Amino acid sequence: MSVTLYHNPRCSKSRAALLLLEERDYPTQIINYLKTPPSKADLETILSLLKMEPRDLMRKKELPYKENNLADPSLSRDQLIQAMIDHPKLMERPIVLANGKAAIGRPIENVIAIL
């Protein structure tokens, strides 16, 4: 089984997810999403697997959320996805993909549940 981790090395929860995967010897593709944001297609897949809408995946306390008025209900799904591509720090973290499933690693038990 291969695992993909959308990782922010500065985030303690993200580091905990990486440590869990390393301890269990899962081959893991680590994507530092702040440097390499996911594509629109990748985000669509993540959202589908998480059964979430784009705004549900956003960190609403981040400055880009407020600066770009992303709470505006008239914004389309595509506009919200583009906002996460343009400002990847908006994404909740960490995101783990494994076994055709996805989880946000808050709490870490969410990751364990999909492995």
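Small disclaimer: the values here were computed from a predicted structure and weren't measured.

Calculation rules
- Residues numbered from 1 in each chain as written.
- Predicted model: local features only at pLDDT ≥ 70, side-chain atom pairs only at ≥ 80, totals over all residues.
- Heavy atoms only, no water.
- Buried < 20%, exposed > 50% of the residue type's maximum accessible area, 1.4 Å probe, protein only.
- Helix = DSSP H or I, 4+ residues; strand = E, 2+ residues; numbered from the N terminus.
- Arc of directions from axis to C-beta.
- Contact = heavy atoms within 4.5 Å.
- Salt bridge = Lys/Arg side-chain N within 4 Å of Asp/Glu carboxyl O.
- Core = buried A, V, L, I, M, F, W, Y, C linked by side-chain atoms within 4.5 Å.

S.K.: Tell me what's going on with helix H2 (residues 40-50), and back it up with residues and numbers.
M.R.: Within H2, the full set of buried residues consists of Leu43, Ile46, Leu47 and Leu50. Along the axis of H2, the buried positions cluster into a sector of 95°, meaning they face one direction only. Along H2, the residues that are exposed and aim more than 90 degrees away from the buried face are Ala41 and Ser48. Buried residues along H2 sit in contact with strand E1 (3-7), helix H4 (77-86), strand E3 (95-98) and strand E4 (101-104). Once H2 finishes, Lys51 follows within two positions and takes phi at roughly 55°, a positive value.

S.K.: I'd love a proper account of the pattern of salt bridges, names of residues and values included.
M.R.: What the rule picks out here adds up to eight salt bridges. For the salt bridge of Lys40 with Asp78, the shortest nitrogen-to-oxygen distance reads 3.1 Å. Placement of Lys40 in helix H2 and of Asp78 in helix H4 is noted, with a sequence separation of 38 residues between them. Using a relative accessible area of 36% as the deciding quantity, one classes Lys40 as partly exposed.

S.K.: Report on the nonpolar core, specifying residues and quantitative values.
M.R.: Leu57 and Ile95 are the most contacted members of the largest nonpolar core, which has 22 residues in total. Here this core takes five residues from H4, the largest share from any one element. Leaving out residues up to four positions away in the same chain, Ile95 has contacts with Thr4, Leu5, Tyr6, Ile46, Leu57, Ala103 and Ile104. In this structure, Val3, Leu18, Leu20 and Leu21 belong to the second largest nonpolar core, which totals 11 residues.

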